[in-house]
Amino acid sequence: MTSPARENILAKINKSLREHQLPKPFPEVENKHDFFAKDDLSLEEKFVKEFTALGGKFVYCDNENEMMQQLQALADTMNWSTIHTKDHFLLQLFKDKEINLVQPVIDMQNMEVGLSGCECVVARTGSIILSSAQDYGRSLPVYAPIHIAIAFTNQVVWNISDSISFLDKKYGKDLPSMISLTTGPSRTADIEKTLVVGVHGPKEVYLFLVDSNWKDTENK
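Residues numbered from 1 in each chain as written. Predicted model: local features only at pLDDT ≥ 70, side-chain atom pairs only at ≥ 80, totals over all residues. Heavy atoms only, no water.

Caption draft 1: Just the overall build of the protein chain, in detail. Per the secondary structure count, the protein chain includes seven helices and 12 strands. Within the protein chain, counting contacts between residues at least 6 apart in sequence, those at least 24 apart form 70% of the total. Summing over all exposed atoms, the protein chain offers an accessible surface of approximately 13200 Å²; the carbon and sulfur share of this is 52%. (Helix = DSSP H or I, 4+ residues; strand = E, 2+ residues; numbered from the N terminus. Contact = heavy atoms within 4.5 Å. Areas by Shrake-Rupley, 256 points an atom, 1.4 Å probe, with all protein chains shown as cover.)

Following this line, the structure appears as structure tokens:
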């Protein structure tokens, strides 16, 4: 419980800060909304460039049907018998096409390949934005050694600040309790300064980008 003396001191500090505001030293810089120079690449091209440079594996799909075909082809190549997800939209999508490859998660700890949607992707950093409001909550990117994320072209934004605006528009005052930014496979150099991949999260990250609009635009 805050004491009256402490409250009085804080009130005086706040009043002084309001009454004696210093001018911004470089207003022409601080008023700019974007500090990073853009190149001639489209948002999608920029994302692919940054995402793959970080070790991510990218697959472009013309539509949802091609996405499912490409995912099946990848699973055949990698000898994955099952891909697990908690995403109701993706489960229904594969069920409607009678594709048994994607199944609901039963035991998260024994899951080898996890599939999820995402909130959006950030072109400038090659990052995937995930949140606790999605069907898999906080768990899938932690447990799955291989994480496959599905994004649609209307989910690609330029910068991290744009992703916050994207989420603010979607959720309003009910922002998810956890918003995470995944940039490539998990890696650390804490152990004898040797880079190790997959210690604190997935060792492989795939992003399937579908050239159409995300179906589920309503708040969950």
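Caption draft 2: Seen up close, the packing of aromatic side chains. Inspection of the entire model under this criterion finds four aromatic pairs. Relative to Phe 51, the ring of Phe 47 has its centre 5.1 Å away and its plane inclined at 15 degrees; by these criteria the two rings are stacked. With Phe 47 and Phe 51 both in helix H3 (residues 43–53) and four residues apart, the pair spans about one turn of that helix. In this structure, Phe 47 and Phe 51 share a single accessibility class: buried. Following the ring pairs from residue to residue traces out a cluster consisting of Phe 47, Phe 51 and Phe 58. (Phe/Tyr/Trp six-rings, centres within 6.5 Å; stacked < 30°, edge-to-face > 60°. Buried < 20%, exposed > 50% of the residue type's maximum accessible area, 1.4 Å probe, protein only.)

Caption draft 3: Broad picture of the nonpolar core. Counting 25 residues, the largest nonpolar core has Ile 83, Ile 148 and Phe 208 as the members making the most contacts within it. Of all the elements in the fold, those that place two or more residues in this core are strand E1 (57–61), helix H4 (64–78), helix H5 (88–96), strand E4 (113–116), strand E7 (146–152) and strand E12 (204–210). If one sorts the elements of this core by residue count, H4 sits on top with five residues. When sequence neighbours within four positions are dropped, the list of residues in contact with Phe 208 reads Val 59, Cys 61, Met 67, Gln 70, Leu 71, Leu 74, Ile 148, Ala 149, Ile 150 and Ala 151. In this structure, Val 105, Met 108, Met 111 and Trp 158 belong to the second largest nonpolar core, which totals 20 residues. (Core = buried A, V, L, I, M, F, W, Y, C linked by side-chain atoms within 4.5 Å.)

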